[in-house]
Amino acid sequence: SQTIHQWPATLVQPVGSPLSLECTVEGTSNPNLYWYRQAAGRGLQLLFYSVGIGQISSEVPQNLSASRPQDRQFILSSKKLLLSDSGFYLCAWSAGQGFAEAFFGQGTRLTVV
Amino acid sequence: QKEVEQDPGPLSVPEGAIVSLNCTYSNSAFQYFMWYRQYSRKGPELLMYTYSSGNKEDGRFTAQVDKSSKYISLFIRDSQPSDSATYLCAMSSGTSYGKLTFGQGTILTVHP
């Protein structure tokens, strides 16, 4: 069966510090991978998606970037965090075009102080 | 106007009640409809997945899609305190590499 791992679960970082959140998927190959952000009391906003190694699409302009160095690894990064980057970050995967369901990791709660 | 509208609630019901959760949408290209359950500080968990119009039942949960009205519903029968969570509707056109558009989420509390 497929599983998705996301870490860390909680992170407190000072303004201006770098960020690296990692997500890995097991039990499937060539998944579509996604990074979402969820603000308090809000729905999920898609930040990045990837359909293959090195292929990254950004949905909204922001202070963040994403990379996919391996088939089942997705990384969310920032060089310098802003207060507005605080939120709940969720990694997800789906089986590819034609399969609409996405499956989520347990999320990382980021607080920028 | 948001593509997907969902009443955030909160909704509070007694144990055993039938719960009705709803979303409306404006994009007629949406063909895939999902309901996710999210417990506090956890990732969303897929509950129901429906393609196009119609009903789908899974245990105490029933999902309905009315594409002509651009309206989807999730019914929970015999609600339990363990059903207390935020319920998110999500939709996809199926041609956008699995990108989902979410509603805001409805906070549900089922009290004993």
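The present account deals with the structure reproduced in this document. What you see is a predicted model; the values in this text were computed from it and never measured.

### Quick notes on the overall build of chain A
Thought 1: A count of helices and strands for chain A gives 0 helices and 11 strands.
Thought 2: Each helix and strand of chain A, placed in order from N terminus to C terminus, yields the pattern β-β-β-β-β-β-β-β-β-β-β.
Thought 3: For chain A, the C-alpha radius of gyration of 13 Å lies close to 13 Å, the compact-globule estimate for 113 residues.
Thought 4: Taking the principal axes of its C-alpha atoms as reference, chain A extends roughly 40 × 30 × 25 Å.
Thought 5: Residue burial in chain A is summarised as follows: out of 113 residues, 49% are buried.
Thought 6: Total accessible area on chain A is roughly 5,200 Å²; 52% of this is exposed by carbon and sulfur atoms.
Thought 7: Taking the 7 positively charged and 6 negatively charged side chains of chain A as two groups, their mean positions are separated by 10 Å.

### Comments concerning unusual backbone geometry
Thought 1: For the peptide bond that leads from W7(A) to P8(A), omega is 0°, which places it in the cis range.
Thought 2: With respect to the element layout, P8(A) can be found in the loop between β1 (3-7) and β2 (10-13).
Thought 3: The omega angle of the peptide bond from G9(B) to P10(B) is 10°, so this bond is cis rather than trans.
Thought 4: By secondary structure assignment, the location of P10(B) is in the loop between β1 (4-6) and β2 (11-14).
Thought 5: Even without glycine at this site, N30(A) takes up a positive phi of about 50°.

### Quick look at the pattern of salt bridges
Thought 1: Throughout the structure, instances matching the rule amount to 5 salt bridges over all chains.
Thought 2: The salt bridge partner of K99(B) is E59(A), with a shortest N-O separation of 3.3 Å. One end of the pair, K99(B), is in the loop between β9 (85-92) and β10 (101-102); the other, E59(A), is in the loop between β6 (55-58) and β7 (65-70), on a second chain.
Thought 3: In this structure E59(A) comes out as partly exposed when scored by relative accessible area, which is 36%.
Thought 4: The partner of E57(B) in a salt bridge is R77(B), with the nearest N and O atoms 3.4 Å apart. One end of the pair, E57(B), is in strand β6 (residues 54-58); the other, R77(B), is in the loop between β8 (71-76) and β9, and 20 residues separate them in sequence.
Thought 5: By relative accessible area, which is 29% here, R77(B) ends up partly exposed.

### Points about the state of the cysteines
Thought 1: By the definition in use, this model includes 2 disulfides over all chains.
Thought 2: Note that C23(A) is cross-linked by a disulfide to C91(A), the S-S spacing being 2.0 Å. With the S-S dihedral at roughly -75°, the linkage between C23(A) and C91(A) falls on the left-handed side. Residue C23(A) is located in strand β3 (residues 19-26), and its partner C91(A) is located in strand β9 (residues 87-94); the two are separated by 68 residues in the primary sequence.
Thought 3: Judged by its relative accessible area of 1%, C23(A) is buried.
Thought 4: Look at C91(A) and you get buried, because its relative accessible area is 0%.
Thought 5: The side chain of C23(B) participates in a disulfide bridge whose partner is C89(B); the two sulfur atoms lie 2.0 Å from each other. One quick way to see it: the torsion about the S-S bond of C23(B) and C89(B) is about -100°, and its sign makes the bridge left-handed. Of this pair, C23(B) sits in strand β3 (residues 19-25) while C89(B) sits in strand β9, and the two are 66 residues apart along the sequence. Each member of the pair, C23(B) as well as C89(B), is classed as buried.

### Thoughts on the sheet that holds β7(A)
Consider a sheet: its strands pair through backbone hydrogen bonds, and that pairing is either parallel or antiparallel.
Residue and element names in this part refer to chain A.
Thought 1: Pairing in this open sheet of 4 strands is antiparallel, and the strands run β1-β3-β8-β7 from one edge to the other. With one partner strand each, in any of the chains shown, β1 and β7 form the two edges of the open sheet. Strand after strand, the sheet turns through a mean of 20° between neighbouring axes, direction not considered.
Thought 2: As paired elements, β3 and strand β8 (residues 73-78) share 6 bridges and run antiparallel to each other. Following the sheet pairing, S20 is matched in β8 by S77.

The rules behind each value
Per chain, residue numbering runs from 1 following the sequence as it is written. A letter from A marks each chain and a number from 1 marks each ligand, given out in the order of writing. Where local features are concerned, this predicted model is filtered to residues with pLDDT of at least 70; where side-chain atom pairs are given and counted, the filter is 80 or more; whole-chain, interface and lining totals use all residues. Side-chain numbers here rest on the full set of heavy atoms in the structure, without hydrogens or water. Only runs of H or I of at least four residues qualify as helices and only runs of E of at least two qualify as strands under DSSP, and these elements are numbered from the N terminus. Atoms considered for the radius of gyration are the C-alpha atoms alone. The globule rule reads 2.2 Å times the number of residues to the power 0.38. Exposed residues in this analysis have more than 50% of their type's maximum accessible area, buried residues have under 20%, and partly exposed residues fall in between, with area computed by a 1.4 Å probe over protein chains only. Here the accessible surface of atoms and residues is derived via Shrake-Rupley with a 1.4 Å probe, and residues count as covered only by protein chains that are part of the display. Only four residue types enter the charge count: Lys and Arg as positive, Asp and Glu as negative, with His and the chain ends excluded. Taken as the charge centre is NZ of Lys, CZ of Arg, CG of Asp or CD of Glu, depending on the residue. Salt bridge, as used here, is a side-chain nitrogen of Lys or Arg placed within 4 Å of a carboxyl oxygen of Asp or Glu. In this description, a disulfide is simply a cysteine sulfur pair whose atoms lie within 2.5 Å. Strands qualify as paired when DSSP identifies two bridges or more between them. Between N-to-C directions, angles cover 0 to 180 degrees, with each direction set by a line fitted to C-alpha atoms, over the stretch in contact for helices.

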